[in-house]
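This is what each chain is made of:
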Amino acid sequence: QVQLVESGGGLAQAGGSLRLSCAASGRTVSNYFMGWFRQAPGKEREFVAAISWSGGTIDYGDSVKGRFTISRDNAKNTVYLQMNSLKSEDTAVYYCATKGGSGSYRISATYWYWGQGTQVTVSS
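Residues numbered from 1 in each chain as written. Predicted model: local features only at pLDDT ≥ 70, side-chain atom pairs only at ≥ 80, totals over all residues. Heavy atoms only, no water.

Student: How do you make sense of the overall build of the protein when you look at a structure like this?
Tutor: Looking only at helices and strands, one finds 0 helices and 11 strands in the protein. The order of α-helices and β-strands along the protein, N terminus first, is β-β-β-β-β-β-β-β-β-β-β. Rg of the C-alpha trace for the protein: 13 Å, near the compact-globule value of 14 Å for 124 residues, within the 12% margin. When the backbone C-alpha atoms are referred to their principal axes, the protein occupies close to 40 × 25 × 25 Å. A separation threshold of at least 6 residues defines the contact pool for the protein, and within that pool the share at least 24 residues apart is 57%. Computed over 12 positive and 8 negative side-chain charges, the separation of the two mean positions in the protein equals 5 Å. (Helix = DSSP H or I, 4+ residues; strand = E, 2+ residues; numbered from the N terminus. Rg over C-alpha atoms; globule rule 2.2 N^0.38 Å. Contact = heavy atoms within 4.5 Å. Lys, Arg positive; Asp, Glu negative; His and termini not counted. Charge placed at Lys NZ, Arg CZ, Asp CG, Glu CD.)

Student: Help me out: how do you make sense of the state of the cysteines in this one?
Tutor: Disulfides are covalent bonds that connect the sulfur atoms of two cysteines. Enumeration according to the criterion identifies 1 disulfide in this entry. Cys22 shares a disulfide with Cys96; S-S distance 1.9 Å. Handedness of the Cys22-Cys96 disulfide follows from its S-S torsion of about 45 degrees: it is right-handed. In this pair, Cys22 sits in strand β3 (residues 18–26) while Cys96 sits in strand β9 (residues 92–99), placing the two residues 74 residues apart along the sequence. As far as the burial class goes, Cys22 and Cys96 line up, both buried. (Disulfide = S-S within 2.5 Å. Buried < 20%, exposed > 50% of the residue type's maximum accessible area, 1.4 Å probe, protein only.)

Student: What's the story with the packing of aromatic side chains in this structure? I'm lost.
Tutor: Given two aromatic rings, one states the distance between the centres and the angle between the planes to describe the pair. Under the defined criterion, the tally for this structure stands at 8 aromatic pairs. Aromatic ring contacts, followed pair by pair, group Phe33, Phe37, Phe47, Tyr95, Tyr105, Tyr111 and Trp114 into a single cluster. The ring centre of Tyr80 lies 4.1 Å from the NZ or CZ of Arg19, which sits over that ring. Directly above the ring of Tyr95 sits Arg45, whose terminal nitrogen or CZ lies 4.1 Å from the centroid. (Phe/Tyr/Trp six-rings, centres within 6.5 Å; stacked < 30°, edge-to-face > 60°. Lys NZ or Arg CZ within 6 Å of the ring centre and 35° of its normal.)

Student: How should I be thinking about the sheet that holds β3 in this particular structure?
Tutor: Within a sheet, adjacent strands bond to each other through the backbone by hydrogen bonds, running parallel or antiparallel. Read across the sheet, 4 strands follow the order β1-β3-β8-β7 without closing on themselves; strand pairing throughout is antiparallel. Edge positions in the sheet fall to β1 (2–7) and β7 (68–73), since each has one partner strand and no second. Each strand axis lies, on average, 15 degrees off the axis of its neighbour in the sheet, ignoring direction. Sheet topology places β1 next to β3; 6 bridges connect them, and they run antiparallel. Across the sheet, the residue bridging to Gln3 is Ser25, located in β3. (Pairing = 2+ DSSP bridges. Axes fitted to C-alpha atoms, helices over the stretch in contact; angles between N-to-C directions.)

Student: I'm lost on the nonpolar core in this one. Help?
Tutor: General note: in soluble globular proteins, nonpolar side chains tend to be found buried as a group. Judged by nonpolar contacts, the single largest core of 27 residues is most densely connected at Trp36, Leu81, Met83 and Tyr94. Elements with a minimum of two residues in this core: β1, β3, β4 (33–39), β5 (46–51), β7, β8 (78–83), β9 and β11 (118–123). Counting 5 residues, the second-largest nonpolar core is a separate cluster that includes Phe47, Ala50, Ala97 and Tyr111. (Core = buried A, V, L, I, M, F, W, Y, C linked by side-chain atoms within 4.5 Å.)

All quantities given are derived from atomic positions and should not be read as evidence of function.
Now the structure itself:
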């Protein structure tokens with residue numbers, strides 16, 4: 001069993017930055033994929049970013065590419081999401097998740113464990 005706890009959400013102005021953290025506990029996740037998803041009210045959950053256990057594979061959703069950066073520290077069992085140049089459309093609840101096994105890391109249904117989410121609100 002893995003527990004994931006996100007932190008770092010809050011209110012930011014458009015053009016500003018926030019850094020989200022996701023701390024894992026329980027089983028080690030150092031050999032799992034870690035992903036970030038987000039969900040705005042009335043919308044489906046959206047892929048934001050993912051990183052492999054080694055950091056050798058990193059991918060971003062089209063809407064955040066060039067603005068967000070995902071990284072991980074396996075020694076701390078923590079994954080980060082640096083969000084720059086924030087836009088009002090980035091407002092959502094952000095979730096981290098972890099997966100092993102097969103299946104696309106872009107698809108939320110392939111993830112095994114989820115955090116409770118952290119709210120990010122960007123004011124224009």
